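Descriptive analysis of the structure
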Amino acid sequence: MTAGNGILLQVSGLTKRYGEVRAVDGISFSVPRGTVFTILGPNGAGKTTTLEILEGLRAPDSGEIELFGRRIARVDRREKARMGVLLQEGNFEPYLRVKEVIGLFGSFFPRARPVNEILELVALTEKRNAFVKELSGGQRQRLALGTALVNDPDLLFLDEPTTGLDPQARRNIWSIVADLKDQGKTIVLTTHYMEEAETLSDQVCIMDHGRIIAAGSPRVLTARLGEETIIEFTAPGMIGVPVVPSGGKVRRDGDAVLVEVTDLVPALRDLLAWAHENGVPLDNMIIRQPNLEDVFLSLTGRRLRE
Amino acid sequence: MMALLHAEFVTFARDKAALAFTFLFPILFIIVFGFIMGGKGNPRLGLVLDGVPGTTLLSVLKETGGIAVTRYPDRAALEEGIRKREVDFGLVYDGKALVFVYDPTRVQDNYTFEQTARGISTRFDLARQGALPAVSVREVPVVKASGNWFVRVVPGVIAFSILSAGLFAVSGHLTMMKERRQLDRFLVTPMRPVYLLAAIAGVRLVVAYVSAFLSLLVAILVLHLEFSVDWVRYAVFVPAATIGSMGMGAVIALFVRRPESAGNLANIVAMLMMFLSGIYFPVEVMPSYLRAVSAVLPLTYMADAMRDVTGVMEISAFEFWGITAALLGLGVVLLPLLSRYIVRADRG
Amino acid sequence: MKGIVALARTHLLTSLRERVTLFWFIVFPVFLLVILTLIFGNIGRQGGMNFQVGLINLEDRAGGGPDLAGIVVEAFTAIGEPRDGKEPLFTLHRPGPGEDKQGFLTRAEEELRRGKLTAVVIIPRGFNRAILSGERAEITLYVDPTRDGSQLAAAIIREVISGIDREILVRTGRFDQERAVPVRSEPLEGGPVSFSYASFLLPGVILMAFFTAGLFGVPGAILYARDRFQLRRYWVTPLTPARYFIGFTLGQGGLCLLQFVVLFLIGEYGLGAGVDFSRPAAAAFLLLGFLTFLSFGFLIASIARTANGGMAIANILNIPLMFLGGLFFPLGELPGFLQAVVLVNPVTYIAAGLRVGLGLTKGTISPIASVLVPLGWIALSILVAARRLSWEAA
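Residues numbered from 1 in each chain as written. Chains lettered and ligands numbered in written order. Predicted model: local features only at pLDDT ≥ 70, side-chain atom pairs only at ≥ 80, totals over all residues.

1. Considerations on the overall build of chain B
The criterion, for reference: The helix and strand labels rest on DSSP assignments: H or I over at least four residues marks a helix, E over at least two residues marks a strand, and numbering proceeds from the N terminus. What counts as a contact here is a pair of residues whose C-beta atoms, placed from the backbone, lie within 7 Å.
For chain B, the helix and strand inventory stands at 13 helices and 5 strands. Considering only residue pairs separated by 6 or more positions, chain B has 78% of its internal contacts joining residues 24 or more positions apart.

Put into structure tokens, the structure is as follows:
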């Protein structure tokens, strides 16, 4: 099997075991050039191990990787030179200055973009002489992104790039990633945030227990739930399940009650009648289209974020 | 309050570095330094009689007393013996001149050896001319303990470990808490900062007690030293010294904000005091300006008081209680300053 | 290549910028060098020592004759006066006019016991008569044998009195100065005649600086970088652990070179150590020391699971290895277990080798051992590090 011209990264039958546990269990997927490919899944689903293999931190037990048009057993220096990686966890020397960090990482690559260009790109020009330890969380993350971009990579791995950041810092990162996508960079992303996955991704694959349980564009994936609409409300301490004679799947998720319906108007009428009879206030009720979270919930019966 | 004490104690016990510093260091210091600098018994002389019977010299050496003499066949063997520390210095006599041989690297001891050598040559000269000395010296040891140099070092080291533990309790621990914003968490509770300080002080007191006691125990059991500890004075002095040391630590913490810098300064202060307070090295041999420094260092007096407590040296009751009260006062005056420091949380 | 240079620069820069490391690697060695030289560099020199000496003359001069006791008092008074504007050797404490001498004696004894006086000299009653009648007069000297200072003072006092004794003998015609045996002192062969403590100490402190930098710097920098996932960020780039290692080693070398330059300048020009480091053997032992302590640091980094664990190990090893390596004071015979530490301690061999290489001492350790034992430690460290050192956080 050879990847077509448009495919930058193709993986087939990738497996990694830790003792008896199959962290990654024979997964296959392909990432077209110039697209954002997102891997979704709860902790322990095998996302991180998959990324670590592709970033060259681990060797797979079996499976094939085809990267930059070459078939390889594991990712090595040659590939790393064309990749940029933003790790989920990681620090820099606290007593290095911002520009020195960029310069240091640039020196690891055969070719590197000028430090000033990178600083401009991640909006840290003003902080160029600051020590790492003086940076805020968002600034540190932008610096990390800068080190991932220093070699002008063809392929970029972003592992949970906005976890732990405040909304403003998160939007900053999103806008940088959107720019990179516009420049035609290929990006592999993992995230916990549905909004992030839905707005940035071209393709999404959902992993659970080391396997890919669903893949496709966000629209295609949500469409798998059919022509459904979701009515959601909170009802703390409610006993019993609402009866919707006109049809609909009812699920409890903590205090939240989710009713999936195909025909909204009669279902809503039934629900209101039931609520009236039983004295349920239907707090925080919203009516919305299904999202990736619902897809995961319907596939596994669990939420992405535990 | 008990919970705070407990938390403080657990934090301390978990901090391996702090544990090592407080318990292991003084003991290590006592043992290692004690053996390196110690063993100062009678000088050992290596003797080479080069082709002469040297009867007069031998009898002079015998009469002199206090000198252990070892014979060597020739100068090369003597020098090897000096290098290997079988003897401290050497004497070669060929019937014409007395040649003393010494190891120039023993800077601390050579002065004493030189004096001993002069004494030998003087007595030898007299003996050769059949003269008896007109004036001689009778030495009377005046000392409280039946001990040696080493007995004197141990209480000094204990005083030093109390000082450094107290210094670091404040300058290291507290500034670290501040930097890590742990203090802020206390401040949002109705807890008064004084209680936190009291908790820290309380734990350190217990630790100082145990540490000082352990050091003494090691000195007695491992090194077979004898002390006659005045437990009443011990019970009063150790807490006073601990609180006083924490007061000094408070001064450092107030002047230097950053925990690393405070720790470094505390280190320098502690080292300076250790070297200049006459714990290991006699103050008398230092140049006058260092002696002046020594006279104003609290550790000089803490060591004196600790020697008194352990029965190694006797100081007047006035002095002992003066030192104890001064240390206690230092702590009582300076420590509360810290509670203002805690409150003045700078969010830089 | 540029990556290696950049890493070396990073290691050097961060070591100097971080206050804790700057302090222990640069400031502290300088402090130790200066303070120890100030304390021990002056022993036996005029103006460098001062003893508080009590002097009591109990002679009542019953029977008349020349005042020999007075001569003794004068001799001590002369020593107690400042010479050339320098502080005198003795500060004399004598009973005031009209003061009860026995009372003073009791008080002096008390003060000696309390550490206020260093020694007390007592000229007995009947001193004159004893000498004039040809008997031996005895001066009593109170000393505190537990105090180094007191013993030193006693040695000086004995020497002063023996000088007076000789003077009396010469004057009374009992001793012929002309026939005295010539006396001289010679240092051990192989040692320089003019020897200063600074020249002994300087190489020791330089090695201590290297030792601290290796023992704490290596596990500190590498394990913290590993545990905080700093290294992980390197491994996703084309940088390999081998290159990182070379860059780190170069940086550490730069750090040690800086330590050497600072200490050398202060020791040489500030304290007048007068040590010739340009000798090939000396340079070789400095390099050997650097490499041994570097690999020692890697050994600790390999054994420790975490950075904090590594620092704890380094702390525990630091004191015994530093003080039982003969860096600051020559080591004598030590009891068994301490002697064992001395014998396996690489510091012992490097310090001895360096001092021999500098021509300061002849040394008791064979040159072969002083090279082979450190090399053995390097080999052991490489072996353990190759098997156990992990570049990834556990």
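Here the narrative resumes, following the displayed structure.
2. Remarks on the overall build of chain C
The following threshold applies: Restricting the calculation to C-alpha atoms gives the radius of gyration, and the globule rule supplies 2.2 Å times the number of residues raised to the power 0.38. Residue burial here comes from a neighbour count, namely the number of other C-beta atoms, placed from the backbone, that lie within 10 Å of the residue's own C-beta, with 20 or more meaning buried, 12 or fewer meaning exposed, and in between meaning partly exposed.
Assigned secondary structure in chain C consists of 14 helices and 5 strands. Rg of the C-alpha trace for chain C: 29 Å, well past the compact-globule value of 21 Å for 394 residues, more than 25% over. Across the 394 residues that make up chain C, the buried fraction comes to 48%. Taking as baseline every contact in chain C between residues at least 6 positions apart, the subset at least 24 positions apart corresponds to 76%.

3. As for the nonpolar core
Applicable threshold: We call a set of buried Ala, Val, Leu, Ile, Met, Phe, Trp, Tyr and Cys residues a nonpolar core when their C-beta atoms link them within 7 Å.
Counting 252 residues, the largest nonpolar core has A159(B), A119(C), V121(C) and L207(C) as its most contacted members. If you tally residues by element for this core, the top one is helix 7 (residues 197-227) of chain C, at 20 residues. When near neighbours in sequence (up to four residues on either side) are disregarded, A159(B) contacts A241(B), L299(B), M302(B), A303(B) and M306(B). Judged by nonpolar contacts, the second largest core, of 20 residues, contains V48(B), V60(B), F100(B) and A117(B).

4. Overview of the sheet that holds strand 14 (residues 283-288) of chain A
Residue and element names in this part refer to chain A. Filter applied, for reference: Note: two strands are recorded as paired if DSSP finds a minimum of 2 bridges between them. To define axes, lines are fitted to C-alpha atoms, for helices over the stretch in contact only, and angles between the resulting N-to-C directions are given on a 0 to 180 degree scale.
The strand order across the open sheet built from 4 strands is 12-13-11-14, with neighbouring strands paired in antiparallel fashion. With one partner strand each, in any of the chains shown, strand 12 (249-253) and strand 14 form the two edges of the open sheet. For this sheet, the mean angle separating the axes of adjacent strands, direction not counted, is 15°. Bridge count for strand 12 against strand 13 (residues 256-261) is 5 bridges, and the pairing is antiparallel. The partner of K249 across the bridge, within strand 13, is E260. In the packing of helix 9 (residues 264-278) onto the sheet, contacts are made with strand 11 (229-234), strand 13 and strand 14, and the angle to strand 13 comes to roughly 140°.

5. As for the packing of helix 1 (residues 2-17) of chain C against helix 9 (residues 241-270) of chain C
All names here are of chain C. The cut-off we apply is this: Oblique is the label for any angle not under 35 degrees, not over 145, and not in the 65 to 115 range, which are roughly parallel, roughly antiparallel and roughly perpendicular in turn. Crossing handedness: left-handed means the near helix sits turned counterclockwise from the far one by under a right angle, and right-handed means the same turn made clockwise.
For the pair helix 1 and helix 9, interaxial distance at closest approach is 7 Å and the crossing angle is 45°. Between helix 1 and helix 9, the crossing angle belongs to the class labelled oblique. When the axes of helix 1 and helix 9 are compared, the crossing they make is right-handed. Contact residues: helix 1 offers G3, I4, L7, A8, R9, T10, H11, L12 and S15, while helix 9 offers R243, Y244, I246, G247, F248, L250, G251, Q252, G254 and L255.

6. With respect to the interface of chain C and chain A
You'll often see interface size given as the accessible area lost when the parts meet. Threshold: Classification convention: Asp, Glu, Lys, Arg as charged; Ala, Val, Leu, Ile, Met, Phe, Trp, Tyr, Cys, Pro as nonpolar; all other residues, Gly among them, as polar.
Contacts between chain C and chain A engage 17 residues on the former and 22 residues on the latter. Residue assignment for the side of chain C that touches chain A shows that the elements contributing at least two residues are helix 1 and helix 8 (230-235) of chain C. Counting residues per element, the side of chain C that touches chain A draws most heavily on helix 1 of chain C, at 6 residues. Residue composition of the side of chain C that touches chain A, by class: 6 nonpolar, 5 polar and 6 charged.

7. Notes on the sheet that holds strand 4 (residues 98-102) of chain B
Here 5 strands make up an open sheet; going across it, the order is 2(B)-1(B)-3(B)-4(B)-5(C) and the pairing mixed. The open sheet terminates on both sides in strands that have one partner only, identified here as strand 2 (68-71) of chain B together with strand 5 (183-187) of chain C. Within this sheet the neighbouring strands show an average axis-to-axis angle of 25°, counted without direction. In this structure, strand 1 (residues 44-49) of chain B lies alongside strand 3 (residues 89-93) of chain B, joined through 5 bridges in parallel fashion.

8. Focus: the packing of helix 7 of chain C against helix 9 of chain C
Residue and element names in this part refer to chain C. Put simply, helix 7 and helix 9 touch, their axes get as near as 10 Å, and they point 155° apart. By the criterion of interaxial angle, the relationship of helix 7 to helix 9 is roughly antiparallel. In this structure, helix 7 crosses over helix 9, and the sense of that crossing is right-handed. When helix 7 is examined against helix 9, the residues A198, L202, V205, I206, A209, F210, A213, G217, V218 and I222 are found in contact with a partner set consisting of F248, Q252, L255, C256, Q259, F260, L263 and G267. Residues belonging to the contact of helix 7 with helix 9 are distributed by class as follows: 14 nonpolar, 4 polar and no charged.

9. Some remarks on the interface of chain C and chain B
Each partner contributes residues to the interface: chain C has 89 residues there, and chain B has 83 residues. Counting only elements with at least two residues in the side of chain C that touches chain B, the list comes to helix 2 (19-40), helix 4 (101-113), strand 4 (137-143), helix 6 (148-171), strand 5, helix 7 and helix 11 (307-323) of chain C. Broken down by element, the side of chain C that touches chain B gets its largest block of residues, 17 residues, from helix 6 of chain C. Split into classes, the residues belonging to the side of chain C that touches chain B amount to 50 nonpolar, 17 polar and 22 charged.

10. Considerations on the confidence of the model for chain B
Defined as follows: pLDDT is a residue-level measure of predictor confidence that goes from 0 to 100.
On average, chain B scores 77 in pLDDT, and the residues at 70 or more come to 75%. Averaged over each element, pLDDT in chain B is lowest for helix 7 (residues 182-187) of chain B (61) and highest for helix 12 (residues 298-309) of chain B (90).

11. Here's the deal with the domain arrangement of chain C
Counted only if it meets this: Start and end points for every domain follow an automatic or database-based domain assignment.
Domain annotation of chain C identifies domain 1 (2-41 + 196-388) and domain 2 (51-179). For domain 1 of chain C versus domain 2 of chain C, the separation of C-alpha centres amounts to 51 Å.

12. Quick notes on the confidence of the model for chain C
Residues at a pLDDT of 70 or more form 93% of chain C, whose mean pLDDT is 84. In the predicted complex, the global pTM is 0.80; the interface-specific ipTM is 0.81.

13. Thoughts on unusual backbone geometry
Residues and elements named next belong to chain A. Located in the positive-phi region is D152, a residue other than glycine, with phi close to 50°. Among the secondary structure elements, D152 is positioned in the loop between helix 5 (137-149) and strand 7 (155-159). According to the C-beta neighbour criterion, D152 is partly exposed, with 15 such atoms within 10 Å. Of note, the phi angle at H209 is positive, near 50°, even though the residue is not glycine. Of note, H209 is situated in the loop between strand 9 (203-208) and strand 10 (211-216).

14. Brief notes about the pairing of strand 8 (residues 186-190) of chain A
Along any regular strand the residues' side chains alternate between the sheet's two faces. All names here are of chain A. For strand 8, the tally of buried residues reaches 5 of 5 residues, placing the bulk of the element in the interior. The side-chain alternation of strand 8 yields two buried faces, one formed by T186, V188 and T190 and the other by I187 and L189. By the bridge criterion, 4 bridges tie strand 3 (residues 36-40) to strand 8 in an arrangement that is parallel. From the neighbouring strand, F37 faces strand 8, where its bridge partner is V188. Bridge analysis of strand 7 against strand 8 gives 5 bridges, and the strand direction is parallel. Residue pairing across strands places F157 opposite V188, the latter belonging to strand 8.

15. A closer look at the environment of F318(B)
Among the secondary structure elements, F318(B) is positioned in helix 13 (residues 317-343). Spatially, the C-alpha atoms of F318(B) and A127(B) are 51 Å apart, while their sequence positions differ by 191 residues.

16. Brief notes about the environment of A225(C)
Residues and elements named next belong to chain C. By the secondary structure assignment, A225 is in helix 7. For A225, a count of 24 C-beta atoms within 10 Å translates into the label buried. Taking C-alpha positions, A225 is 8.7 Å from A307, a pair spaced 82 residues apart along the chain. Excluding residues that lie within four positions of it along the chain, A225 makes contacts with Q230 and L231.

17. Some remarks on the environment of R170(A)
Residues and elements named next belong to chain A. Topologically, R170 is positioned in helix 6 (residues 167-182). Judged by local crowding, R170 falls into the partly exposed class, with 19 C-beta atoms found within 10 Å. Each residue touching R170, except ones within four places of it in the same chain, is listed here: T162 and L165.

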